[in-house]
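Observations on chain architecture
These are the residues of each chain, in order.
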Amino acid sequence: MPPPGRPRLSLPLALALLLLVGPARPISFQLPGKARKCLREEIHRDTLVTGEYEIGAPPGSSTGPSANLKITDSAGHILYAKEDATKGKFAFTTEDYDMFEACFESKLPVGTGRMPDQLVILDMKHGVEAKNYEEIAKVEKLKPLEVELRRLEDLSESIVNDFAYMKKREEEMRDTNESTNTRVLYFSIFSMCCLIGLATWQVFYLRRFFKAKKLIE
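Residues numbered from 1 in each chain as written. Predicted model: local features only at pLDDT ≥ 70, side-chain atom pairs only at ≥ 80, totals over all residues. Heavy atoms only, no water.

You'll find the chain entered in an unreviewed UniProt entry as Transmembrane p24 trafficking protein 10, with Nothoprocta perdicaria given as the organism.

1. Focus: the overall build of the chain
Within the chain, the secondary structure is distributed over three helices and eight strands. Starting at the N terminus and ending at the C terminus, the chain contains elements arranged as α-β-β-β-β-β-β-β-β-α-α. Per-residue burial over the chain gives 22% buried out of 217 residues. Of the contacts made within the chain by residues no fewer than 6 positions apart, 74% connect residues no fewer than 24 positions apart. When the accessible area of the chain is evaluated, it comes to approximately 15900 Å², of which 58% is carbon and sulfur surface. (Helix = DSSP H or I, 4+ residues; strand = E, 2+ residues; numbered from the N terminus. Buried < 20%, exposed > 50% of the residue type's maximum accessible area, 1.4 Å probe, protein only. Contact = heavy atoms within 4.5 Å. Areas by Shrake-Rupley, 256 points an atom, 1.4 Å probe, with all protein chains shown as cover.)

2. Things to note about the state of the cysteines
One pass over the full model with this rule turns up one disulfide. Looking at Cys193, it has no disulfide partner, and the nearest cysteine sulfur is the one in Cys194, 7.0 Å off. A residue is classified by how much of its surface remains accessible, and Cys193, at 48% relative accessible area, is partly exposed. By relative accessible area, Cys194 is classed as partly exposed at 38%. (Disulfide = S-S within 2.5 Å.)

3. What about the sheet that holds strand 1 (residues 27-31)?
Strands pair in a sheet through their backbones, by hydrogen bonds, and they do so in one of two ways: parallel or antiparallel. Taken in spatial order, the four strands line up as 1-8-3-6 in an open sheet, and their pairing is antiparallel. Edge positions in the sheet fall to strand 1 and strand 6 (87-93), since each of these pairs with one other strand and no more. Put simply, the sheet's adjacent strands are angled 20° from each other on average, direction ignored. As paired strands, strand 1 and strand 8 (residues 118-126) are joined by five bridges and run antiparallel to one another. Of the residues in strand 8, the one forming a bridge with Phe29 is Val120. (Pairing = 2+ DSSP bridges. Axes fitted to C-alpha atoms, helices over the stretch in contact; angles between N-to-C directions.)

4. A short note on the pairing of strand 4 (residues 67-72)
Burial analysis of strand 4 places five of its six residues in the buried class, the great majority of the element. Pairing geometry for strand 4 and strand 5 (residues 78-82), over four bridges, is antiparallel. Residue pairing across strands places Thr72 opposite Ile78, the latter belonging to strand 5.

5. Focus: unusual backbone geometry
Not every positive phi belongs to a glycine, and Asp84 is a case in point at roughly 50°. According to the relative accessible area criterion, Asp84 is partly exposed, its value standing at 42%. Phi at Lys141 is positive, roughly 55°, even though this residue is not glycine. As for its position among the elements, Lys141 is in the loop between helix 2 (133-140) and helix 3 (144-212). What makes Lys141 exposed here is its relative accessible area of 74%.

6. Remarks on the nonpolar core
Counting residues in hydrophobic clusters, the biggest one holds 19 residues, and the most contacted among them are Tyr53, Leu69, Ile71, Phe90 and Phe104. Of all the secondary structure elements, the ones that give two or more residues to this core are strand 1, strand 3 (48-55), strand 4, strand 6, strand 7 (98-106) and strand 8. Sequence-distant contacts of Tyr53, that is, excluding residues within four places in its chain, are made with Leu69, Tyr80, Lys82, Ala85, Thr86, Lys87, Gly88, Lys89, Phe90, Phe104, Ile121 and Leu122. Grouped together as the second largest cluster of nonpolar side chains are six residues, Tyr133, Ala137, Leu152 and Leu155 included. (Core = buried A, V, L, I, M, F, W, Y, C linked by side-chain atoms within 4.5 Å.)

7. Let's talk about the UniProt feature "transmembrane region" (unreviewed entry) in the chain
In the numbering used here, UniProt assigns the "transmembrane region" (unreviewed entry) feature to residues 184-206. The span residues 184-206 shows a helical share of 100% and a strand share of 0%, and its end C-alpha atoms are spaced 32 Å apart. (UniProt positions renumbered as here; feature names shortened; annotations may be inferred.)

Dropping the structure here:
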């Protein structure tokens, strides 16, 4: 029986998730000399984020790879930084829902011309993907099938949380739209009253003016 507060995972759902979910693929791209490329992703709060990166030396170059890596949030807080990065791993836990940015900046060695493009490979995982289920299986002495069911159970819980967050965002956007519509309605009524008042004042003013000029009685 699953622990309280965790979603129940039926066998058909487990099989469906097993077929749909595959291993995450790393991202690879070329980093030109003296260039800076950033990858951004929105991640929920209290989520474990892990990653591996590797920067390959330019083809035909006698020097090794030369690039800096920095991972920050939208407020500019540095979560991970590495100068002259070549290959490594990183891990951190998010404190709030935010946009996180991983930036690679190429460094040109002193006394050289244009550096050929470097190949950057980044494999970043978060949530269920970031958990080490092999280590969990060793600690809790789980069988392979139990490990897979645990992974699918965590995945189903993550999906439920994502839907709950999307529903919350939808409600917030709906409330914002309703509030905006109400303000626009009140502003329109106020503008209409001002226009009616201005038109009435113009009528009385012109009437007094024409009477003063004895153009009308």
